[in-house]
Amino acid sequence: MPPFTIRIAQREDAPTIYTIHQASLITLCVTHYPLDTLQRWFSSKTIEGYYPAIDQHEMFVCESDKAVIGFGQAVPGEVVAIFVHPDFAGRGVGKCLLDHAVQCASKDYEGPIKLIATLNAEPFYAKHGFHEVRRYTIERATCNFPSWKWNWMLTNPTDQQDWHWIGDSTYASSKLFNNVRLCFATH
């Protein structure tokens, strides 16, 4: 597999982003959700619906050989989306996108990086340092969608304080608590 490149998404990427989003959702999430639920959830999506995030430079794409194979979105404090075309799943594209998303989400932001993930993505996010905060159901289109809320605590290399998880999305400095360490340093 050739190396991946990340770049800011452009409006002309929106049709490809839409296609990847649909293919990823329908193919990779079907192990945890009924197909009709996934189809109903995606039915409210439009190509133009990606424009605001693209215009705000929140959305980025991952390319291999100049072909877009995945996309992500991040805002300060939150990884909004990571989706990989199913043909490229399990090849490091998701990790590449997640690394970039975390970097974007932590720019000018201190605190836990949050995300809401589909149930099938649990092993991926756990493997990459996110910790489940709670499970709940969100409403998407005309259906309820069980999801997980995750946090990832960053240790700023220039900050000597380590952060520790002490309960439902509450973090405190290690100078105050000696709890189990559930945070990971950035590389």
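Attention here is on the structure that accompanies the text.

Calculation criteria
- Residues numbered from 1 in each chain as written.
- Predicted model: local features only at pLDDT ≥ 70, side-chain atom pairs only at ≥ 80, totals over all residues.
- Heavy atoms only, no water.
- Helix = DSSP H or I, 4+ residues; strand = E, 2+ residues; numbered from the N terminus.
- Buried < 20%, exposed > 50% of the residue type's maximum accessible area, 1.4 Å probe, protein only.
- Contact = heavy atoms within 4.5 Å.
- Areas by Shrake-Rupley, 256 points an atom, 1.4 Å probe, with all protein chains shown as cover.
- Salt bridge = Lys/Arg side-chain N within 4 Å of Asp/Glu carboxyl O.
- Phe/Tyr/Trp six-rings, centres within 6.5 Å; stacked < 30°, edge-to-face > 60°.
- Lys NZ or Arg CZ within 6 Å of the ring centre and 35° of its normal.
- Pairing = 2+ DSSP bridges.

### Here's the deal with the overall build of the protein
Step number 1: Along its length, the protein carries five helices and eleven strands.
Step number 2: Across the 187 residues of the protein, 40% fall into the buried class.
Step number 3: When contacts within the protein are restricted to residue pairs at least 6 apart in sequence, those whose partners lie at least 24 apart make up 59%.
Step number 4: Total accessible area on the protein stands at roughly 10,100 Å², and carbon and sulfur atoms take up 52% of it.

### Considerations on the pattern of salt bridges
Step number 1: Applying the stated criterion to the full structure yields six salt bridges.
Step number 2: Salt-bridge contacts for Asp55 lead to Arg11; the nearest nitrogen and oxygen are separated by 2.6 Å. Highlighted residues: Asp55 in helix H3 (residues 51-55) and Arg11 in the loop between strand E1 (5-8) and helix H1 (14-28), separated in sequence by 44 residues.
Step number 3: Exposure remark for Asp55: the relative accessible area of 38% places this residue in the partly exposed category.

### Description of the environment of Val102
Step number 1: With respect to the element layout, Val102 can be found in helix H4 (residues 93-106).
Step number 2: The exposure class of Val102 is buried, given its relative accessible area of 5%.
Step number 3: In this structure the C-alpha to C-alpha distance between Val102 and Glu78, which are 24 residues apart in sequence, comes to 7.9 Å.

### Concerning the packing of aromatic side chains
Step number 1: Using the criterion set out here, one finds five aromatic pairs in the structure.
Step number 2: Aromatic pair Phe124 and Tyr125: ring centres 5.0 Å apart, planes at 75°, arrangement edge-to-face.
Step number 3: Tyr125 gets classed as buried once you look at its relative accessible area, which sits at 7%.
Step number 4: Members of the aromatic cluster, joined through ring pairs, are Tyr50, Phe71 and Phe83.
Step number 5: The ring of Tyr51 carries Arg11 above its face, with NZ or CZ at 4.1 Å from the centroid.

### What about the pairing of strand E2 (residues 59-64)?
Step number 1: Counted residue by residue, E2 has six buried out of six residues, so it is predominantly covered.
Step number 2: A two-sided burial pattern is seen for E2, the buried positions comprising Met59, Val61 and Glu63 on one face and Phe60, Cys62 and Ser64 on the other.
Step number 3: Bridging between E1 and E2 involves four bridges; their strand directions are antiparallel. Looking across to E2, one finds that Thr5 is bridged to Glu63.

### Notes on unusual backbone geometry
Step number 1: The residue His57 is not glycine, and still its phi comes out positive at about 60°.
Step number 2: Residue position: His57 is located in the loop between H3 and E2.
Step number 3: Relative accessible area serves as the criterion here: at 56%, His57 is assigned to the exposed category.
Step number 4: Although it is not a glycine, Asp65 sits at a positive phi angle of roughly 50°.
Step number 5: Here Asp65 is to be found in the loop between E2 and strand E3 (67-75).

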